[in-house]
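Take a look at the letters that make up each chain.
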Amino acid sequence: MEMENNLPAPADFGVELSRQQAAATESVARHPVVWVPSLYFAQGLPWAIVSIMAAIMYKKMGISNEQIAYWTGLLGFAWVVKPLWSPFLEMVSSQKKVVVAFQLIGGVALLACAMVLHLPGFFTFSMAILAVSAFSSATHDIAADGSYIANLNKEQQAMYSGW
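Below is a short write-up of the structure. (Residues numbered from 1 in each chain as written. Predicted model: local features only at pLDDT ≥ 70, side-chain atom pairs only at ≥ 80, totals over all residues. Heavy atoms only, no water.)

## Digging into the pattern of salt bridges
Pairs can form between side chains of opposite charge once their charged atoms are near each other. Counted under the stated rule, the structure contains one salt bridge. Note that Asp141 is salt-bridged to Lys82, the shortest N-O span being 3.4 Å. One end of the pair, Asp141, is in helix 6 (residues 122-151); the other, Lys82, is in the loop between helix 3 (65-80) and helix 4 (86-89), and 59 residues separate them in sequence. This pair shows no difference in class: Asp141 is buried, exactly as Lys82 is. (Salt bridge = Lys/Arg side-chain N within 4 Å of Asp/Glu carboxyl O. Helix = DSSP H or I, 4+ residues; strand = E, 2+ residues; numbered from the N terminus. Buried < 20%, exposed > 50% of the residue type's maximum accessible area, 1.4 Å probe, protein only.)

Put into structure tokens, the structure is as follows:
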């Protein structure tokens with residue numbers, strides 16, 4: 001008497017198990033509760049550094065209030081004019097790649113800013129680097145918002161809005 005064996009072959013079982021693991025990992029990694037808060041944090045941190053912390057740092061380094069107000073005000077201009085280049089970012093095939101690229105650019109710029117603070121012309125150098133960081137952050141904001149809208153349905157957008 002021969003019994004029918006409906007069990008998958010050992011090799012098939014391993015493949016199926018790895019598919020299930022991949023699917024489980026993908027669903028966890030893509031869940032909005034994982035990436036939305038970090039995305040908002042990545043949007044706000046450079047703005048806070050450029051707009052608030054730079055003013056405090058420059059004041060402690062002996063820069064006059066007039067210069068701080070003027071130059072940090074100009075840095076904020078990057079966020080004011082960001083709608084001008086947002087249509088060009090819509091042409092990019094992957095918003096996620098743009099988000100990551102501008103996070104890296106902004107991070108390197110902030111690191112470079114820290115490196116020039118001990119130089120004699122620190123104010124000029126750091127302002128130029130903070131300008132790069134500001135435009136990088138503004139561009140990151142546009143791409144992050146596009147990624148947010150593209151990857152979440154209307155209910156999820158409403159649920160995570162304002163985090």
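Resuming the write-up.
## Observations concerning the layout of surface pockets
If you add up the space inside the largest pocket, you get close to 310 Å³. Along its surface, the largest pocket is lined by 14 residues, and Trp35, Leu39, Lys96, Ser147 and Asn151 are the ones closest to its centre. Along the lines of polarity and charge, the residues of the lining of the largest pocket split into seven nonpolar, five polar and two charged. The space that makes up the second largest pocket amounts to roughly 190 Å³. Taken together, Phe41, Ala42, Leu45, Pro46, Phe102, Gln103, Gly106, Gly107, Leu110, Ser137 and His140 form the lining of the second largest pocket. (1 Å grid on protein atoms, 1.4 Å probe; cavity = no way out; pocket = protein on both sides within 12 Å on 5 of 7 lines; lining within 4 Å. Points joined across faces, edges and corners; volume = space filled by probe spheres on them. Nonpolar A, V, L, I, M, F, W, Y, C, P; charged D, E, K, R; others polar.)

## Describing the environment of Trp79
By the secondary structure assignment, Trp79 is in helix 3. Between the alpha carbons of Trp79 and Asp141 there is a distance of 8.8 Å; along the sequence they are 62 residues apart. Discounting chain neighbours no more than four positions away, the residues touching Trp79 are Pro46, Trp47, Val50, Ala134, Ser137, Ala138 and Asp141. (Contact = heavy atoms within 4.5 Å.)

## A closer look at the side chain of Ser126
Structurally, Ser126 is set in helix 6. For Ser126, the side chain forms a polar contact with the main-chain oxygen of Phe122, separated by 2.7 Å. Beyond its immediate stretch of four places on either side in the chain, Ser126 contacts Tyr58, Cys113, Val116 and Leu117. (Polar contact = N/O pair within 3.5 Å; in protein donor to acceptor, adjacent residues only side chain to side chain.)

## Points about helix 2 (residues 32-60)
Between its terminal C-alpha atoms helix 2 stretches 40 Å, which fits the 42 Å expected from 29 residues at 1.5 Å a residue. At Met53, helix 2 shows its maximal kink, close to 40°. Taken together, the buried positions of helix 2 are occupied by Pro32, Trp35, Val36, Leu39, Ala42, Gln43, Pro46, Ile49, Val50, Ala54 and Tyr58. A positive backbone phi angle near 90° is found at Gly62, which sits one or two residues after helix 2. (Expected span 1.5 Å × (residues − 1). Bend = angle between axes of the 7 residues up to and from the residue.)

## A closer look at the packing of helix 3 against helix 6
Where helix 3 contacts helix 6, the two axes come as close as 7 Å, and the packing angle between them is 25°. Looking at the two axes, helix 3 sits roughly parallel to helix 6. At the point where helix 3 passes helix 6, the crossing takes the right-handed sense. Contacts between helix 3 and helix 6 involve Gln67, Trp71, Thr72, Leu75, Ala78 and Trp79 from the first element and Phe123, Met127, Leu130, Ala131, Ala134, Phe135, Ser137, Ala138 and Asp141 from the second. Of the residues belonging to the contact of helix 3 with helix 6, the class tally is 11 nonpolar, three polar and one charged. (Axes fitted to C-alpha atoms, helices over the stretch in contact; angles between N-to-C directions. Parallel < 35°, antiparallel > 145°, perpendicular 65-115°, else oblique. Left-handed = near helix turned anticlockwise from the far one by under 90°.)

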